[in-house]
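Close look at the chain arrangement
For reference, the chains in residue letters:
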Number of protein chains: 12
Amino acid sequence: MYVVKSPLADADLKTVSEALQGALVDLVDLSLVAKQIHWNVVGPRFRSVHLQLDEVVDTARLHSDTVAERASTLGVPPDGRARTVAADSGIGTTPDGWVKDTDAVGALVDALGAVITRMRARVGSTGEADPVTQDIFIQITADLEKHHWMFQAENG
Amino acid sequence: MYVVKSPLADADLKTVSEALQGALVDLVDLSLVAKQIHWNVVGPRFRSVHLQLDEVVDTARLHSDTVAERASTLGVPPDGRARTVAADSGIGTTPDGWVKDTDAVGALVDALGAVITRMRARVGSTGEADPVTQDIFIQITADLEKHHWMFQAENG
Amino acid sequence: MYVVKSPLADADLKTVSEALQGALVDLVDLSLVAKQIHWNVVGPRFRSVHLQLDEVVDTARLHSDTVAERASTLGVPPDGRARTVAADSGIGTTPDGWVKDTDAVGALVDALGAVITRMRARVGSTGEADPVTQDIFIQITADLEKHHWMFQAENG
Amino acid sequence: MYVVKSPLADADLKTVSEALQGALVDLVDLSLVAKQIHWNVVGPRFRSVHLQLDEVVDTARLHSDTVAERASTLGVPPDGRARTVAADSGIGTTPDGWVKDTDAVGALVDALGAVITRMRARVGSTGEADPVTQDIFIQITADLEKHHWMFQAENG
Amino acid sequence: MYVVKSPLADADLKTVSEALQGALVDLVDLSLVAKQIHWNVVGPRFRSVHLQLDEVVDTARLHSDTVAERASTLGVPPDGRARTVAADSGIGTTPDGWVKDTDAVGALVDALGAVITRMRARVGSTGEADPVTQDIFIQITADLEKHHWMFQAENG
Amino acid sequence: MYVVKSPLADADLKTVSEALQGALVDLVDLSLVAKQIHWNVVGPRFRSVHLQLDEVVDTARLHSDTVAERASTLGVPPDGRARTVAADSGIGTTPDGWVKDTDAVGALVDALGAVITRMRARVGSTGEADPVTQDIFIQITADLEKHHWMFQAENG
Amino acid sequence: MYVVKSPLADADLKTVSEALQGALVDLVDLSLVAKQIHWNVVGPRFRSVHLQLDEVVDTARLHSDTVAERASTLGVPPDGRARTVAADSGIGTTPDGWVKDTDAVGALVDALGAVITRMRARVGSTGEADPVTQDIFIQITADLEKHHWMFQAENG
Amino acid sequence: MYVVKSPLADADLKTVSEALQGALVDLVDLSLVAKQIHWNVVGPRFRSVHLQLDEVVDTARLHSDTVAERASTLGVPPDGRARTVAADSGIGTTPDGWVKDTDAVGALVDALGAVITRMRARVGSTGEADPVTQDIFIQITADLEKHHWMFQAENG
Amino acid sequence: MYVVKSPLADADLKTVSEALQGALVDLVDLSLVAKQIHWNVVGPRFRSVHLQLDEVVDTARLHSDTVAERASTLGVPPDGRARTVAADSGIGTTPDGWVKDTDAVGALVDALGAVITRMRARVGSTGEADPVTQDIFIQITADLEKHHWMFQAENG
Amino acid sequence: MYVVKSPLADADLKTVSEALQGALVDLVDLSLVAKQIHWNVVGPRFRSVHLQLDEVVDTARLHSDTVAERASTLGVPPDGRARTVAADSGIGTTPDGWVKDTDAVGALVDALGAVITRMRARVGSTGEADPVTQDIFIQITADLEKHHWMFQAENG
Amino acid sequence: MYVVKSPLADADLKTVSEALQGALVDLVDLSLVAKQIHWNVVGPRFRSVHLQLDEVVDTARLHSDTVAERASTLGVPPDGRARTVAADSGIGTTPDGWVKDTDAVGALVDALGAVITRMRARVGSTGEADPVTQDIFIQITADLEKHHWMFQAENG
Amino acid sequence: MYVVKSPLADADLKTVSEALQGALVDLVDLSLVAKQIHWNVVGPRFRSVHLQLDEVVDTARLHSDTVAERASTLGVPPDGRARTVAADSGIGTTPDGWVKDTDAVGALVDALGAVITRMRARVGSTGEADPVTQDIFIQITADLEKHHWMFQAENG
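This is a predicted model, so every value here is computed, not measured.

How each quantity is defined
Residues numbered from 1 in each chain as written. Chains lettered and ligands numbered in written order. Predicted model: local features only at pLDDT ≥ 70, side-chain atom pairs only at ≥ 80, totals over all residues. Heavy atoms only, no water. Helix = DSSP H or I, 4+ residues; strand = E, 2+ residues; numbered from the N terminus. Rg over C-alpha atoms; globule rule 2.2 N^0.38 Å. Buried < 20%, exposed > 50% of the residue type's maximum accessible area, 1.4 Å probe, protein only. Contact = heavy atoms within 4.5 Å. Areas by Shrake-Rupley, 256 points an atom, 1.4 Å probe, with all protein chains shown as cover. Lys, Arg positive; Asp, Glu negative; His and termini not counted. Charge placed at Lys NZ, Arg CZ, Asp CG, Glu CD. Salt bridge = Lys/Arg side-chain N within 4 Å of Asp/Glu carboxyl O. Least-squares fit on C-alpha atoms with pLDDT ≥ 70 in both. Buried area = accessible area lost by both parts, 1.4 Å probe. Polar contact = N/O pair within 3.5 Å; in protein donor to acceptor, adjacent residues only side chain to side chain. Nonpolar A, V, L, I, M, F, W, Y, C, P; charged D, E, K, R; others polar. UniProt positions renumbered as here; feature names shortened; annotations may be inferred. Expected span 1.5 Å × (residues − 1). Phe/Tyr/Trp six-rings, centres within 6.5 Å; stacked < 30°, edge-to-face > 60°. Axes fitted to C-alpha atoms, helices over the stretch in contact; angles between N-to-C directions. Parallel < 35°, antiparallel > 145°, perpendicular 65-115°, else oblique. Left-handed = near helix turned anticlockwise from the far one by under 90°.

Further remarks concern the overall build of chain A. For chain A, the count of helices and strands is five helices and two strands. Counted from the first residue to the last, chain A has its helices and strands arranged as α-β-α-α-β-α-α. In summary, chain A has a C-alpha radius of gyration of 16 Å against a globular reference of 15 Å for 156 residues, a match within 12%. Considered along the principal axes of its C-alpha atoms, chain A spans approximately 55 × 30 × 20 Å. Residue burial in chain A is summarised as follows: out of 156 residues, 67% are buried. Relative to all contacts within chain A whose residues are 6 or more apart in sequence, the contacts with residues 24 or more apart total 85%. When the accessible surface of chain A is totalled, it reaches about 5300 Å², and 53% of it is carbon and sulfur. One finds the centroid of the 14 positive side-chain charges in chain A at a distance of 3 Å from the centroid of its 22 negative side-chain charges.

Right, dumping it as structure tokens:
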């Protein structure tokens, strides 16, 4: 059987791997939610929101890859399957059907807000256990918070 | 309320929109499954399979976007949310944890095979109703079958 | 005198070349109309509509070239002169002077709608006569319908 | 109603806007004429002339955009619709059907010559009224005259 | 032994694989013939024809790859060896030694004409059996016919 | 001490160098004002205005460099320090804090208008003294007036 | 009125926003000072110093944008106006007129040294309050110190 | 009739042109053999060998062009037709049908070995007659031997 | 004599500069070891391992430069000479001669493991003394651990 | 015989064509002189001057092409042969052999100065006769004067 | 005084440096002659010859740089001044004024032929003295002879 | 055990492989020495020398790869480990610590001189045994001698 000798002590590894798994699920769901609204948005700001959402998708896909490969690097298999994402994501339910542009912006403010709160908690919990992983969470938080600002400013 | 005047007759629209929704779910799941194995594969062919899977991800993401935007174009809101994907995908269950490279290749042969069978049925069912959508399914089938060949050849 | 031995039978050639000439006129006019509004649009969505219209221009110019060269390929000289376009285009009259952004979007919804209806008829009429030409019309229809969706969604 | 406070005095604005509208019509027509011959040329120099004409098209499209946006900048709505182009262009009639390569070159010599003569008059008439617009006409004249040389040299 | 489970029924597979093998041989030979004349052409139009032939080579190489990989995808090993090409190509004999530019253009008109006739027959025979393969043949026909036009126009 | 032998007579040099120094201060301030609003804008048009302002920044930075290096070229040291810019800029005071998108557009209309008026005066005053410098001012005016149009059209 | 719900507690937000505002002023001024000397440097090392200063400008512009947008992200409007920069910058006065190359290098050693000292203090004060902002300051410090080394080495 | 005044003496020209014609045939066949196996390889190393073979194809195509144009340069028409290649190639027969990856590597070791032996003989025979041609053969030998090493190392 | 005024206190400087010198030696040696095996690897996975090793070389060269320039930035001259590397590297002896691919992967697992252990110690020891340097070590550790995972997965 | 109908009156044409021919000779010689010193410069500033001279070469080659093609455009054959350049250039004699870096900079200051003086005279003499040509001379003067400043600043 | 210790014996150095100086003069003149005809060519093949000549200019400029820098490398100052080129070039006189396209091709055949003859002599004379320089001459000869073929083929 | 059938006779192979191993060691050491001084240089020419040294590093790394892979190609495993380089390099000892820019240039003149002398001997000894390898040494010598010229010129 395949076992990676982790550079971390067991307790640290548990802390860090739970944080990574949680972040993976949130980020994969964020990419799916942003795409869902990218396809369903309507209203005068359609084009602007449509394009802006693809930048969120790019961010979410990039970081989900980083987070999953960090888990593998530490010897813990990541889980980013649809069923797991549907069950464990920190983002609330996205309604189906067309979405007005103002509601679309509001939905992203909420989704990003939910993920950021959880990501900041991960920054706090992993600094001792593995500063390398913490550094990854800090970068992700910075990027998500910047997107968050932009959607807030649009509904400001 | 937002209503798009569809260029298709009602019965045709029903046929085509069901085919598009089904294709969307299959392709989003294919992108998630391929990423899952991309992260969890182990064995001597690790690097080769790891890279090859990202090409499947690129194909699946590109075509899921085309298919979803085609649905919107015809006036039918697409649904690519995690819960929907988990419920309706044509791909069988992917086990969690590490995957040996030979099993990884086998899993892709199965996943691609399942999606191709359903996609060929969509090519058959949509030609009358909307040749534009059919043409999209033909392109997707060509790409998926090429990936299918390559994974089969590796386990040949 | 220059005569190209066409790969098509006479009746088929007549059907196909009329369809190509009609498509050429529609597409050249679409590029001129989209530019006209690109220059004259005003209102809060100015920048978004201004940029979006140039994407329509790119699509129309690209496909007008494809369609005209397909006619030449089949041995029929295409006609894309201003006088011919003004006389035969399927797009209704564009008013001169400044255009409010909402009206600009509406004008494109109408112009694209008119061209799409005629293009779908061409898809239907050329499949027997020349599947190569039909395939070109299918690609054009797909692109035009995608633009159509986006403008509809903006006024949705 | 939308009114731009023009940086020019009324009489100057009239002079300049008429020059810009005339240049716009000439340049749009030049792009259509060059494309028409691009598609219909035949003869031993086919390939060379076919490629060269697309460079004229690029020049004409680029400068028609500059000229139209300069008019909008000065507060005057430009008019580049097919009907207007067909009515007001300074270029003579282009015959339909195939064109021998030597005749194609001659047609461009004539078309460019006609546009250059009018453009030089615009350089002369606008220097007092608006040196910014005059500078644009100078650049356009330089480019058109260079194309003119090349077609003359080919029939030299 | 290596066996691919083909998505096609046996009779359909036979039809499609013979068409693919025939297309492969024609396209490989077209690339060799075009290179042969690329190297041996002489006369005042040397440079123009020399460059144009490399565009034919690019088309032929690109599509020969597509066609061969489509055969492998369907579970049928393609055969593009020199001996097979020499025996089965649909293009007539190319003489050795220097070729005058006018003759070079004529030779390409003939070679492309022969391949197009056979390719159109393949479009007709494969539509029922496999629309994916048919779509590939349609694209190839479109490209070859465009080259055909250009060489005809040069000797027009 | 460092003295450049200027190609201009003393009186001409005085005229030209004062114009260049004035233009430098205006352009540096324009880049700072546009950035300030780029960071502080809020409202439904946030994204569109945010992006558009960076294009103004690019224009202002590019031309401030050209203008400063032109002064050095003529032997006159340019002065683009914060204190000088704060004291001598032709742009009125920008308020601090968040800016509604409509106000942001209005602020740019005013700022660009103020700079354009002064720049046109410089075009008028330098033509005799140094046509090389005048040509630079003409190019700058053309670019600034185009930005001016776009912001006016948005509030149109 | 526009209020962003900050992810930070009030006291932390005060600490962090003061640090960000201070950093913004320092970095904008650094970009202006480096440009000022870029234009006014003379002496045998002119070209080398002239080019090197533009790399400092790039660094300062990039990081001033990051810092200002971080402030907006946290709900605090940044202030980068000329007057504010002139009043609050941590960089000493830059003399006007030509600058000998050796003095230019010395001026940059001083300017960078002053900014680095303040930036290191910000790294120290923000770690508790907001690790995301601290991480940004660490990156900025690393870049500034590398420039500092290079200018020191040149006068070494 | 077309005669190029060769810079070489007659005996030298005979030596050199035979060497160039032999090299052309070997290189064209190498490109066909490598493509044949590129399409037919199966087994766990499929992807690696599939990609590696396209690099051999690139090398063979590039050098066949160089060699053929060198012959034309010296006044001798090159012959790269399928029939000539099938008759004169120095590479042994390639079997048809699927090829196991280990056999594929072995086939390339043999094919490259055969061509290298003949190419080294050409380096030896042409040094006196034409050092320019010899230099071309030396470059080709270096590239082919590097590919040879890599395939040997894979079966090592 | 050249003395840089370090931003660090003496004791901190000693800690940090020893860590940087140690990291430099490890990274230079890692680049040499990876190249050595890149040249000497044999076996069925030759191509995959050969390419993968060059990615390790790129990482090691990039970071050795960063580390050495950080030392210079702090006023401490780095030492990356062959003799120093041979004496102080933390990587065990690499045997000479050919290396089987499985052994090559194992050698990299060992080499990367040794460097990572030492790099994590440096992350721990430098956080107090200089967070800027610590941040560099964190980035390096992240990159090395990712490579480590990949080689482990290949022998998994 | 080949005669271009010039858009200029005879007297104007004489003025403009003499100016263009003079500019052509100066610019070709400038490119040769700059290359000559590029190859022969020695001294501590070797690398900096060596690179800077190639930027002068680029400017001179670009503008010599523009100027010569402008002459052809006006129907006057340009003359840029070595003998003509050697006889008519406005640049003084360049000594042969190695050149100290300080002398190299001085030589360029002189050469550029000589060409600028003559180019400014051409700006003055051609404004009436042909504003298009004048505009070209203005751009050239701007570029040459910028190079002039930089070389002066280096010896400042 | 500046003396480079040459790696060659005195007699060898004399041989090699004379060959390099001769080659430099020939190549600079070739670039000037090709440009001269590039500007003055007229006739139906204008465009084709005009473009082809710029490729000769590129070759000549590239190799003149290589040759001049090789001389400097060996310690011998190169001389590429207009006067030297006019006096020592191996290319016969180019007439002034317009050149018919057929004559233009003939002139290049002659010019290239003259340079090639002298370049081959240099290949012969330098092999003993300096194989590095000889290798450079071999590459130049290969490139020039390829251009030579193409111009010959055009008049063939 | 892995044995490559070398294309060379045993005695030739011994000659060539010793030359290749010697060249490898020299080139790896040259890359390390150039980096060492790149990091430690100080003085007014810091920036120029710092950049120039990275070009030497690029050359040395590129050619060390070519040389090592040539050895593998001939069946002889290359040895580029730190210990081997420290023991066998032809470059003298580089002192540790800061290096004044003038001394840095001198050190490179010496290091390059030492490597060139040995490389020229390898050109001489391998021509009979393997012209392919000799050609590689000739290219390397040309590049190293060009760098040598530039450093000599800087201290000239």
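Taken as a whole and judged by the stated rule, the model has 156 salt bridges over all chains. A salt bridge links R70(D) to E145(F); its shortest N-O distance comes to 2.7 Å. In this pair, R70(D) is assigned in helix α2 (residues 46-73) and E145(F) in helix α5 (residues 131-154), connecting two distinct chains. Here R120(H) and D130(L) are joined by a salt bridge, their closest N and O atoms 2.9 Å apart. Linking R120(H) in helix α4 (residues 101-126) with D130(L) in the loop between α4 (101-126) and α5 (131-154), this pair reaches from one chain into another. Of the two residues, R120(H) and D130(L), both sit in the buried class.

Note on the copies: chain F fits chain C at an RMSD of 0.0 Å, the axial shift is 0.0 Å, and the rotation between them is 120°. Each copy turns onto its partner about a three-fold axis. Of every C-alpha in chain F, the one belonging to S48(F) sits nearest the axis of rotation, 4.1 Å from it.

Contacts between the two partners involve 34 residues from chain E, matched on the other side by 34 residues from chain H. Between chain E and chain H, the buried area comes to about 2900 Å², and carbon and sulfur atoms account for 61% of it. Among the residues of chain E in contact with chain H, W39(E), R81(E) and W98(E) are the three that bury the most area, contributing 26% of the side total. At the junction of chain E with chain H, the criterion picks out two salt bridges. Note that D65(H) and K35(E) form a salt bridge whose closest N and O atoms lie 2.6 Å from each other. Taken together, the connections running from chain E to chain H amount to 16 residue pairs in polar contact (both at pLDDT 80 or more).

It is common to give the size of an interface as the accessible area that goes away when the parts come together. On the side of chain C, nine residues touch chain F, which itself brings ten residues to the contact. With both sides pooled, the region where chain F packs onto chain C buries about 820 Å², and carbon together with sulfur makes up 58% of that total. By the criterion of area lost to chain C, the three top residues of chain F are W149(F), A153(F) and E154(F), representing 46% of everything that side buries. At the surface where chain F touches chain C, the tally comes to one salt bridge. Ionic pairing is found between E55(F) and R47(C), a salt bridge with its closest N-O pair at 2.6 Å. The set of elements that each furnish at least two residues to the side of chain F that touches chain C consists of α2 (46-73) and α5 of chain F. Residue composition of the side of chain F that touches chain C, grouped by class: four nonpolar, three polar and three charged.

A separate point is the UniProt feature "domain: Ferritin/DPS" (unreviewed entry) in chain A. When the UniProt feature table is mapped onto this chain numbering, "domain: Ferritin/DPS" (unreviewed entry) sits at residues 18-153 of chain A. The span residues 18-153 of chain A is 79% helical and 3% strand by assignment, and the distance between its end C-alpha atoms comes to 33 Å.

What follows concerns the side chain of H63(B). Residues and elements named next belong to chain B. Relative to the helices and strands, H63 resides in helix α2 (residues 46-73). Judged by its relative accessible area of 8%, H63 is buried. Among the polar contacts made by the side chain of H63, one reaches the side chain of D143 at a distance of 2.9 Å. Here H63 is in contact with L27, I140 and D143, once residues within four sequence places are set aside.

What follows deals with helix α5 (residues 131-154) of chain E. Over its 24 residues, α5(E) runs 35 Å from end to end, which matches the ideal 34 Å to within 8%, given 1.5 Å per residue. Burial analysis of α5(E) places 19 of its 24 residues in the buried class, which makes it a mostly covered element.

This part is about the arrangement of the chains. One thing to see here is that chain E and chain G don't touch, and their nearest C-alpha atoms sit 42 Å from each other. In this assembly chain C lies apart from chain I, the nearest approach of their C-alpha atoms being 39 Å.

This part covers the packing of aromatic side chains. Per the counting criterion, the structure on display carries 16 aromatic pairs over all chains. Between F46(D) and W149(E), the aromatic rings sit 5.6 Å apart at their centres with planes inclined by 70°, giving edge-to-face as the arrangement. Pair noted here: F46(D) is in helix α2 and W149(E) is in helix α5, and the two residues belong to different chains. Just as F46(D) is buried, W149(E) falls in that class too.

Turning to the relation of the copies chain E and chain H, a few remarks are in order. Mapping chain E onto chain H calls for a screw motion: a turn of 180° about the axis and a shift of 0.0 Å along it, with 0.0 Å RMSD after fitting. Within this description, the copies of the chain are treated as partners about a two-fold rotation axis. Relative to the rotation axis, the C-alpha of A82(E) is the closest in chain E, positioned 2.8 Å from it. A shared binding surface is used by both copies, with 100% of the interface residues of chain E retained as interface residues in chain H.

A few words now on the packing of helix α1 (residues 10-40) of chain I against helix α1 (residues 10-40) of chain L. The contact between α1(I) and α1(L) brings their axes to 13 Å, and the two run at 155°. Between α1(I) and α1(L), the interaxial angle falls into the category roughly antiparallel. As for how α1(I) packs across α1(L), the hand of that crossing is right-handed. Counting all contacts with α1(I), which are made through L24(I), V28(I), L32(I) and W39(I), the residues of α1(L) involved are L24(L), V28(L), L32(L) and W39(L). A class-by-class count of the residues in the contact of α1(I) with α1(L) yields eight nonpolar, no polar and no charged.

It is worth spelling out the side chain of H38(L) at this point. Mapped onto the secondary structure, H38(L) falls in helix α1. Looking at H38(L), the relative accessible area reads 2%, which means it is buried. For H38(L), the side chain forms a polar contact with the side chain of E69(I), separated by 3.1 Å. When neighbours within four sequence positions are excluded, H38(L) is seen to be in contact with D65(I), E69(I), H50(L), L53(L) and D54(L).

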